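Spelled out from the first residue to the last, the chains are:
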Amino acid sequence: MEGTFKPASKLTLGINGFGRIGKLSVWHHVARKYFSELVVNIGRQAGSSLTDIAHYVERDSTYGWIGAYLYGSKAKPVISDLNDKTGSMRIDGVPVRFLRSARKPVDISWKEAGVKLVVDTTGQFLDPALPPDDPKGSVRGHLEAGAEKVIVSAPFKIKDKGRAMPEDAVTTVMGINSNDYDPRRHKIVSNASCTT
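The written sequence of each chain sets the order in which its residues are numbered from 1. For a predicted model such as this one, the threshold for reporting local features is a pLDDT of at least 70, and the threshold for listing and counting side-chain atom pairs is 80 or more; totals across whole chains, interfaces and linings nevertheless cover every residue. Note that the side-chain values use all heavy atoms of the structure and ignore hydrogens as well as water.

1. Re the nonpolar core
- Counting 25 residues, the largest nonpolar core has Met89, Ile91 and Phe98 as its most contacted members.
- Each helix corresponds to a stretch of at least 4 residues labelled H or I by DSSP, and each strand to a stretch of at least 2 residues labelled E; elements are numbered beginning at the N terminus. If one sorts the elements of this core by residue count, helix 2 (residues 50-58) sits on top with 4 residues.
- Contact partners of Met89, with chain neighbours within four places excluded, come to Leu50, Ile53, Ala54, Ile79, Ser80, Asp81, Leu82, Val94, Pro95, Val96 and Phe98. Take the buried residues of types Ala, Val, Leu, Ile, Met, Phe, Trp, Tyr and Cys, join any two whose side-chain atoms come within 4.5 Å, and each joined set is a nonpolar core. Relative accessible area decides the class of each residue, using a 1.4 Å probe on protein chains only: under 20% of the type maximum gives buried, over 50% gives exposed, and in between gives partly exposed. Contacts: residue pairs with any heavy atoms within 4.5 Å of one another.

This is the structure we're talking about:
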């Protein structure tokens, strides 16, 4: 439990967006203990303090309480070490930091946070053909901000129907066409939808 956290890798995972899919991504990765830290971009001030964010993390309308999700009915509280100044907390021993200022991916401080892999759960940045500095934001902005790979939790939607899928983007569904992913070439990946 807390104090014995030993991540399987030294990688830091970035999660952009903190709706239901973002929150359950945090739960999943806290349970797996693969990443050394999670950095979640909320993109705005949420509630009045980190305590409000911790309360949101702690419960889900379908899965219930995170402690029970991780340990069953005899679980104890798993959120600790809240630090409003740094925007950080520990969830079952895993360090989790919350970024609360940038909305557009290009403005998120992924590089400074040491994030190389980002999961975008916002459902807003779905066009891999848009430039990183698009006025409304773009999934490519994550790459410009320092990430090396981006996984989008929704299907791609290219707005300009005359444009082809960029060479560095791919849609894969595990068990169907996951062999289409080429780690040397593909930097933006859609896994089709949050339900798959």
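2. Let's talk about the pattern of salt bridges
- Put simply, a salt bridge is a Lys or Arg side-chain nitrogen that is within 4 Å of an Asp or Glu carboxyl oxygen. Evaluation of the coordinates by the stated rule reveals 9 salt bridges.
- Residue Glu37 is joined to Arg97 by a salt bridge in which the shortest nitrogen-to-oxygen separation is 2.8 Å. Here Glu37 is found in strand 2 (residues 37-41), whereas its partner Arg97 is found in strand 7 (residues 94-99), with 60 residues between them in sequence.
- Here Arg90 makes a salt bridge to Asp81, at a shortest N to O gap of 3.7 Å.
- Connected via shared salt-bridge partners are Arg20, Lys23 and Asp60.

3. Examining the packing of aromatic side chains
- Stacked, edge-to-face and tilted are the three classes for Phe, Tyr and Trp ring pairs, Trp counted by its six-membered ring, which pair at centre distances within 6.5 Å; planes under 30 degrees apart are stacked, over 60 edge-to-face, the rest tilted. For the coordinates displayed, the defined rule picks out 5 aromatic pairs.
- Judged by centre distance (5.4 Å) and plane angle (70 degrees), the rings of Phe18 and Phe98 are edge-to-face. In this pair, Phe18 is assigned in the loop between strand 1 (12-16) and helix 1 (20-32) and Phe98 in strand 7, connecting sequence segments 80 residues apart.
- The exposure class of Phe18 is buried, given its relative accessible area of 13%.
- Ring geometry for Trp27 and Tyr69: centres 5.0 Å apart, planes at 50 degrees, overall tilted. Placement of the pair is Trp27 in helix 1 and Tyr69 in helix 3 (residues 66-71), with a sequence separation of 42 residues.
- In this structure an aromatic cluster arises from ring pairing among Phe18, Tyr56 and Phe98.

4. Points about helix 2
- Every buried residue of helix 2 is listed here: Leu50, Ile53, Ala54 and Val57. Projected onto a plane normal to the axis of helix 2, the buried residues spread over an arc of 100 degrees and lie on a single side. Exposed and oriented more than 90 degrees from the buried face of helix 2 are Thr51 and His55.
- Looking at the buried side of helix 2, the elements it contacts are helix 1, strand 3 (59-60), helix 3, strand 5 (79-83), strand 6 (88-91) and strand 7.
- Residue Ser49 occupies the N-cap position of helix 2, its side-chain oxygen lying 3.2 Å from the main-chain nitrogen of Thr51. Arc definition: directions from the helix axis to the C-beta atoms. For the purposes of these results, a polar contact is taken to be a pair of N or O atoms within 3.5 Å, where, inside protein, one atom must be able to donate a hydrogen and its partner to accept one; residues adjacent in sequence count only when each atom of the pair is a side-chain atom.

5. Concerning the sheet that holds strand 8 (residues 115-120)
- In spatial order, the strands read 5-6-7-2-1-8-9-11-10; together these 9 strands make up an open sheet with mixed pairing. With one partner strand each, in any of the chains shown, strand 5 and strand 10 (169-171) form the two edges of the open sheet. Across this sheet, the average inter-strand angle for adjacent strands is 20 degrees, counted without regard to direction.
- Note that strand 5 and strand 6 share 3 bridges and pair antiparallel. Looking at the pairing, Asn83 lines up with Ser88 of strand 6.
- Helix axes are fitted only over the stretch in contact, all axes being lines through C-alpha atoms; the angle between N-to-C directions runs from 0 to 180 degrees. Lying over the sheet, helix 2 contacts strand 5, strand 6 and strand 7, oriented at roughly 155 degrees with respect to strand 5. In short, DSSP must find at least two bridges between two strands for them to pair.

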